[in-house]
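Here are the chains, one letter per residue:
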Amino acid sequence: AAIWGSLLESKVDILVDASFASLDCTANSAVLGQASASTIIRNFDSAPQQNVWYPAALADAIAGKDLVNPTKPITDPTSKPHIVAQFNSQLDSPSCLSGSLAWYYGTDGNHGAKQDLLVVLLHELGHGLGFIGVTDGTTGIMSNNFPSVFEQHMFDSTAGLHWNQMTNAQRITSATNDQKVVWDGTSTTAAALKFLGGTPTLRISAPASLVKTYQINTAAFGPKLTVAGVNGTVAATQPIDGCAAITNGGSISGRIALIDRGTCNFTVKVKNAQLAGATAVIIADNVVASIPPLGGTDDTISIPTIGVSQADGAAIRAALGSNVTALIFADSSLLAGADTSGHPKLYVPTTFSDGSSMYHWDVSASPNLLMEPNISSDLPSNSVDLTLNEMLDIGWTMAAPAPSPTGRQPGRRGH
């Protein structure tokens, strides 16, 4: 709250109802947290636009008064919150993610293999403050058929339209138009040059049937791709899912390992390939029209990892009878996670994912961003990166600077 409060200006205190709750968690996946504005408001006094939804905290900040609790002080125990947030109480349980991940409750960023609660709090409060829209991705219907201020900056380059300009049917199509929906707010586009690096790229140069540049995802663990990259021959592991010790180490050593998704955590697969001498890993998805977001934490992994689609993985595997030569690198000519105009991409995978699709930055961003659908282990615990610029694009203003030596005081900040 102090971090967000130091960044955004509000004369109205922002009340957050935050709690631990038993959220979904299995041996392989977990919901870390969830949050949203308690209500959305339109056509209020001083609203910059009519018939446009604003999250409660932003509406209050613009109006300069508490629209959620117009007759009660914020200290009244019956006052309604502006943001409602929940965090998974199961994460510390051995049955959740097989006990491999637990909450780190410190604020110094030294979370190690644990999940940094502070980073998840920053992410979820970001949703509550305004990194969220009002469209049902499966029906394309906006709340009461009015857009939010967020939808006004969602641009589909295929349709050539913003989401508030589309029909319901067009929004349904756009919600799975992978890599083609971007955020075109001016503040965020300008800041992308500062935050984003070169685009992680897989380029195969032989055999001729595979020569092209492939769409990929990168891993949250291991080293980042460099401009020089890793160049080598691709070889398949045995077992093909990489979940046990590699039995064909002679074929894998000094090569880029191809591994199928499934059965065990990504970090287990990559560590087994690393122990067999692989220079990098390509993980092929096991779901049609999907590229796996590669989550996990293991500080001992020292080789880069990328994910490719099921179809691309199958094509590479089928060609391994001849030499498959690949270069995995960071293409400095294109910002990672942005289109050719420098607009950051939003996460709209070809298979709609409720709770993840549309209202997150795309997983192709590098370095990783706070508002991606998966919380990465390398996120700093004191930065909100491009999310601050998204907030400015939807109408927030920057908080006044800290008091100067002359004694002049800044405006009151929302916490």
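Here the residue numbering is sequential within each chain, running from 1 through the sequence in written order. Given that this is a predicted model, residues contribute local features only at a pLDDT of at least 70 and side-chain atom pairs are listed and counted only at 80 or more, while totals for whole chains, interfaces and linings are drawn from all residues. Think of the side-chain values as coming from all heavy atoms in the structure, minus any hydrogens and water.

A. Summary view of helix α9 (residues 385-394). Here the term buried applies to any residue with accessible area under 20% of the maximum for its type, exposed to any over 50%, and partly exposed to those in between, with areas from a 1.4 Å probe on protein chains only. The way it works is that DSSP assigns letters per residue, a run of H or I at least four long becomes a helix, a run of E at least two long becomes a strand, and they are numbered from the N terminus. Counting buried positions over the 10 residues of α9 gives 9, a clear majority of the element. What α9 keeps buried is the set Asp385, Leu386, Thr387, Leu388, Asn389, Glu390, Met391, Asp393 and Ile394. Contacts: residue pairs with any heavy atoms within 4.5 Å of one another. Where α9 is buried, its residues contact α1 (2-7), β4 (54-55), α2 (56-63), α3 (117-129), β10 (181-183) and α5 (186-195). Of the residues trailing α9, Gly395 is marked for its positive phi of about 130°.

B. The arrangement of the pattern of salt bridges in detail. For salt bridges, the criterion is a side-chain nitrogen of Lys or Arg within 4 Å of an Asp or Glu carboxyl oxygen. According to the stated counting rule, one finds 5 salt bridges in the structure shown. For Lys224, the salt bridge is made with Asp378, and the minimal N-O distance between the two is 2.9 Å. Note that Lys224 is positioned in the loop between β13 (217-218) and β14 (230-236) and Asp378 in the loop between β18 (325-335) and α9, a separation of 154 residues in sequence. Assessed through its relative accessible area of 35%, Asp378 is described here as partly exposed. The residue Arg261 makes a salt bridge to Asp285 at a minimum N-O spacing of 3.0 Å. Here Arg261 is found in the loop between β15 (256-260) and α7 (266-275), whereas its partner Asp285 is found in the loop between β16 (280-284) and β17 (305-308), with 24 residues between them in sequence.

C. Structural context of the nonpolar core. For this analysis, a nonpolar core means a set of buried residues of the types Ala, Val, Leu, Ile, Met, Phe, Trp, Tyr and Cys, connected via side-chain atoms within 4.5 Å. With 63 residues, the main nonpolar core has Leu129 and Trp396 as its most contacted residues. Residue assignment for this core shows that the elements contributing at least two residues are α2, β5 (83-88), α3, β10, α5 and α9. Ranked by residues supplied to this core, first place goes to α3 with 7 residues. Setting aside residues up to four positions removed in sequence, Trp396 forms contacts with Leu8, Glu9, Ser10, Ile14, Ala57, Leu58, Ala61, Leu129 and Met391.

D. The arrangement of the state of the cysteines in detail. Note on terminology: disulfide denotes any pair of cysteine sulfur atoms within 2.5 Å. For the structure shown, the criterion picks out 2 disulfides. Paired by a disulfide, Cys25 and Cys96 hold their sulfur atoms 1.8 Å apart. On the S-S bond that ties Cys25 to Cys96, the torsion sits near 90°, and the link is right-handed. Residue Cys25 is located in the loop between β1 (16-21) and β2 (33-37), and its partner Cys96 is located in the loop between β5 and β6 (103-104); the two are separated by 71 residues in the primary sequence. Across the pair, Cys96 and Cys25 agree in class, each one buried. Here Cys243 connects covalently by a disulfide to Cys264, the sulfurs 2.0 Å from one another. Judged by the sign of its S-S torsion, about -90°, the bond between Cys243 and Cys264 is left-handed. Separated by 21 residues along the polypeptide, Cys243 in the loop between β14 and α6 (249-252) and Cys264 in the loop between β15 and α7 bring together distant segments of the chain. Across the protein, the way the bonded cysteines pair up, counted in sequence order, is 1-2, 3-4.

E. Region of the structure containing the sheet that holds β1. If DSSP finds at least two bridges between two strands, the strands pair. Across the sheet, which stays open at both edges, the 3 strands sit in the order β1-β5-β2 with mixed pairing between neighbours. The open sheet has two free edges, formed respectively by β1 and β2, since each of these has just one partner strand. Ignoring which end each strand starts from, the neighbouring axes of this sheet average 10° apart. In the sheet, β2 pairs with β5 via 5 bridges, with the strands oriented antiparallel. Paired with Ser36 across the bridge in β5 is Val84. Note on geometry: axes are C-alpha line fits, over the in-contact stretch for helices, and angles between N-to-C directions span 0 to 180 degrees.

F. The arrangement of the pairing of β16 in detail. In terms of burial, β16 is largely enclosed, as 5 of its 5 residues are buried. Of the two faces of β16, both are covered, the one formed by Ala280, Ile282 and Ala284 as well as the one formed by Val281 and Ile283. Crossover connection from β15 via α7 to parallel β16: handedness right-handed. Bridge analysis of β16 against β17 gives 4 bridges, and the strand direction is parallel. Bridge pairing in β17 links Ile283 to Gly307. Clockwise travel from the first strand over the helix to the second, with the strands pointing away from the viewer, marks a crossover as right-handed.

G. Quick look at the environment of Gly160. Along the polypeptide, Gly160 turns up in the loop between β8 (154-156) and β9 (161-162). Under the relative-accessibility criterion, Gly160 is labelled partly exposed at 39%.

H. Main features of the packing of aromatic side chains. Here is the rule: rings of Phe, Tyr and Trp (six-membered ring for Trp) pair when centre to centre is within 6.5 Å. Planes less than 30 degrees apart are stacked, more than 60 are edge-to-face, and the remainder are tilted. All told, the structure shown has 5 aromatic pairs when counted by the stated rule. For the ring pair Phe44 and Tyr54, a centre distance of 5.4 Å and an interplane angle of 80° mean the geometry is edge-to-face. With Phe44 in the loop between β3 (40-41) and β4 and Tyr54 in strand β4, this pair connects stretches of sequence that are 10 residues apart. Of the two residues, Phe44 and Tyr54, neither departs from the other in class, the shared state being buried. For the pair Phe150 and Trp183, a centre-to-centre distance of 4.6 Å together with 50° between the ring planes defines the contact as tilted. Of this pair, Phe150 sits in the loop between α3 and β8 while Trp183 sits in strand β10, and the two are 33 residues apart along the sequence. Across the pair, Trp183 and Phe150 agree in class, each one buried. These aromatic residues form a ring-pair network of at least three members: Phe131, Phe150, Trp183, Tyr359 and Trp361. For a lysine, the NZ atom is tested; for an arginine, the CZ atom; a charge sits over a ring if that atom is within 6 Å of the ring centre and within 35 degrees of the ring normal. The ring of Trp53 has Arg42 sitting right over it, with the charged end atom 5.0 Å from the ring centre.

Function cannot be inferred from these measures alone, as they are strictly geometric.
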